[in-house]
Amino acid sequence: MARKRGARSGHADRDIASRAEWIVERLTEYGEGIHRLGSPALMLDATLPESVAAIYREFNGAELFHESVVLLPGDALQESEGRFLVGECGGDDIFVDRGGTVWRFDRDLEEALPEGTRFDRWLAGVVDAESVLYDKEGEFLEGIFNDDGELSAASEAERSRRQLKRDPKAVAPRWRLARALMDSGDKAAARKSLEDVVGAYPDFPWAWFDLARISEEFGDYEVASEEAEQAAMVRAKSEYGSFFLAHAARLAQVAGQEERCEALASRVLEADPELPRRHVEAARERIEAEDTDTARELLILAKVVAPRDLHVIDLLAQIQN
């Protein structure tokens, strides 16, 4: 048995070292100044996962793709709460835990998401994904942005696909692929990706909520309500729990499930009695910003939860008139 485990370990080490060399080869194909690589590290923290150490033995820290990816030098890799902060990608902090899993702190969600199963796989995927944006001279490729100057849904999807090609079991890139597919109108493929995400990472509320959004678009309101409720339940202490439950109540109402709607609304008010007031205040701000669609969505949720609230009723009537 020991020989078998050793054989597997040796194979994994060779796989990591080979991928580290591949990454260097791909980076050297780009023009001068697009990447800056540190000299190979001579001394590293012995507790670093091998997937990190193998990369640092090739280059000790780096700035890649005009600093869109930054890897800290080896002597700056300090462990905190079981994770090493190794750098940034797209402005989000990147961590690697002792088991080698890569985590990305999503600034919009304000939480760490499982970004990769191993650091070398993740970085190889990043190199492939960034090639969707840049040519070998470091210039943006044509056709990757939409009319609003934002990265197109097709480009976003392709970046995620390339990340997943190098790390097929990575969770967060598959979630981003699903969102890009939703934006491009491929709801069936998006749903399949989201089902894979919640299968691998079942306590990820936003993936459940995205499933609810797709089910709603398909007209499966009962299923959508259950998925929105699941989004609230998998992370019971989430600050978004009442928001997800309110959507579950709204969808139950649309499905004609009045008793379920009332029960869910009661749970919202029990957990978050201030939700209707906050939604009214937020809706007024959106009205002032001439964003009536968002204001209407906020008020509809508030009305489902508190159907007799006069502030909600009056403001909603103003928008509808």
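Structure: see above.
So, here's what we can say about the structure. Quick caveat, the model's predicted, so the values are computed rather than measured.

A look at helix α5 (residues 171–184)
Next up, step 1: Compared with an ideal rise of 1.5 Å per residue, which puts 14 residues at 20 Å, α5 spans 20 Å between its outermost C-alpha atoms and is within 8% of the ideal.
Next up, step 2: When you tally the buried positions in α5, you get ten out of 14 residues, the bulk of the element.
Next up, step 3: Those residues of α5 hidden inside the fold are in contact with β7 (102–106), β8 (111–116), α4 (153–166), α6 (187–200) and α7 (205–217).
Next up, step 4: Among the residues trailing α5, G185 stands out with phi positive, at a value near 95°.

Things to note about the layout of surface pockets
In this approach, a probe sized like a water molecule rolls over the atoms, and the result shows the empty space that is left.
Next up, step 1: There is about 940 Å³ of room inside the largest pocket.
Next up, step 2: Surrounding the largest pocket, 33 residues form its lining, R104, L151, E156, R159 and R176 being those nearest its centre.
Next up, step 3: Of all elements in the fold, only β7, α3 (119–130), α4 and α5 reach the threshold of two or more residues within the lining of the largest pocket.
Next up, step 4: In terms of residue count, the dominant contributor to the lining of the largest pocket is α5 (six residues).
Next up, step 5: When its residues are assigned to classes, the lining of the largest pocket shows 15 nonpolar, six polar and twelve charged.
Next up, step 6: When its volume is computed, the second largest pocket comes out at roughly 390 Å³.
Next up, step 7: What lines the second largest pocket is a set of 18 residues, and nearest its centre among them are F209, F243, H247, R250 and E297.
Next up, step 8: With seven residues, helix α12 (residues 292–305) is the single largest residue contributor to the lining of the second largest pocket.

Description of the side chain of E111
Next up, step 1: Mapping E111 onto the fold places it in strand β8.
Next up, step 2: Looking at E111, its side chain comes within polar contact range of the side chain of R235, at 3.3 Å.
Next up, step 3: Every residue in contact with E111, bar those within four places of it in the chain, is listed here: R104, F105, D106, Y201, W206 and R235.

Some thoughts on the side chain of K187
Next up, step 1: Following the sequence through the fold, K187 ends up in helix α6.
Next up, step 2: The residues touching K187, leaving out its near neighbours within four places in the chain, are M182, I214, E217 and F218.

Points about helix α11 (residues 275–288)
Because each turn of an α-helix spans 3.6 residues, side chains separated by three or four positions in sequence point in the same direction.
Next up, step 1: The end-to-end C-alpha distance of α11, which contains 14 residues, comes to 20 Å, matching closely the 20 Å that a straight helix rising 1.5 Å per residue would cover.
Next up, step 2: The elements touched by buried residues of α11 are α9 (241–254), α10 (258–271), α12 and α13 (310–320).
Next up, step 3: Directly after α11, the chain includes E290, whose backbone phi takes a positive value near 65°.

Some points on the pattern of salt bridges
Next up, step 1: Counted according to the given criterion, the structure contains 33 salt bridges.
Next up, step 2: In this structure, E158 and R162 form a salt bridge, with 2.9 Å as the shortest nitrogen-oxygen distance. You can see E158 and its partner R162 sitting in helix α4, four residues apart, about one turn around the helix.
Next up, step 3: R267 serves as the salt-bridge partner of E229, at 2.7 Å between the closest nitrogen and oxygen. Of this pair, E229 sits in helix α8 (residues 221–233) while R267 sits in helix α10, placing them 38 residues apart in sequence.
Next up, step 4: Residues participating in the shared-partner salt-bridge network are D92, R104, R107, E115 and R176.

Examining the packing of aromatic side chains
Next up, step 1: Taken as a whole, this structure holds 14 aromatic pairs when the rule is applied.
Next up, step 2: Between F65 and Y134, the ring centres sit 5.7 Å apart and the planes meet at 25°, which makes this aromatic pair stacked. Of the two residues, F65 is situated in the loop between β2 (62–64) and β3 (69–71) and Y134 in the loop between α3 and α4; the sequence distance between them amounts to 69 residues.
Next up, step 3: Of the residues examined, Y134 reaches a relative accessible area of 10% and is grouped as buried.
Next up, step 4: Taken together, a centroid distance of 5.0 Å and an interplanar angle of 80° make the contact between W206 and F244 edge-to-face. Of the two residues, W206 sits in helix α7 while F244 sits in helix α9, which places them 38 residues apart along the sequence.
Next up, step 5: Between R83 and the ring centre of W103, over which it is positioned, the NZ or CZ distance is 4.1 Å.
Next up, step 6: The ring of Y30 is capped by K136, whose NZ or CZ atom sits 4.3 Å from the centre of that ring.

How each quantity is defined
Residues numbered from 1 in each chain as written. Predicted model: local features only at pLDDT ≥ 70, side-chain atom pairs only at ≥ 80, totals over all residues. Heavy atoms only, no water. Helix = DSSP H or I, 4+ residues; strand = E, 2+ residues; numbered from the N terminus. Expected span 1.5 Å × (residues − 1). Buried < 20%, exposed > 50% of the residue type's maximum accessible area, 1.4 Å probe, protein only. Contact = heavy atoms within 4.5 Å. 1 Å grid on protein atoms, 1.4 Å probe; cavity = no way out; pocket = protein on both sides within 12 Å on 5 of 7 lines; lining within 4 Å. Points joined across faces, edges and corners; volume = space filled by probe spheres on them. Nonpolar A, V, L, I, M, F, W, Y, C, P; charged D, E, K, R; others polar. Polar contact = N/O pair within 3.5 Å; in protein donor to acceptor, adjacent residues only side chain to side chain. Salt bridge = Lys/Arg side-chain N within 4 Å of Asp/Glu carboxyl O. Phe/Tyr/Trp six-rings, centres within 6.5 Å; stacked < 30°, edge-to-face > 60°. Lys NZ or Arg CZ within 6 Å of the ring centre and 35° of its normal.

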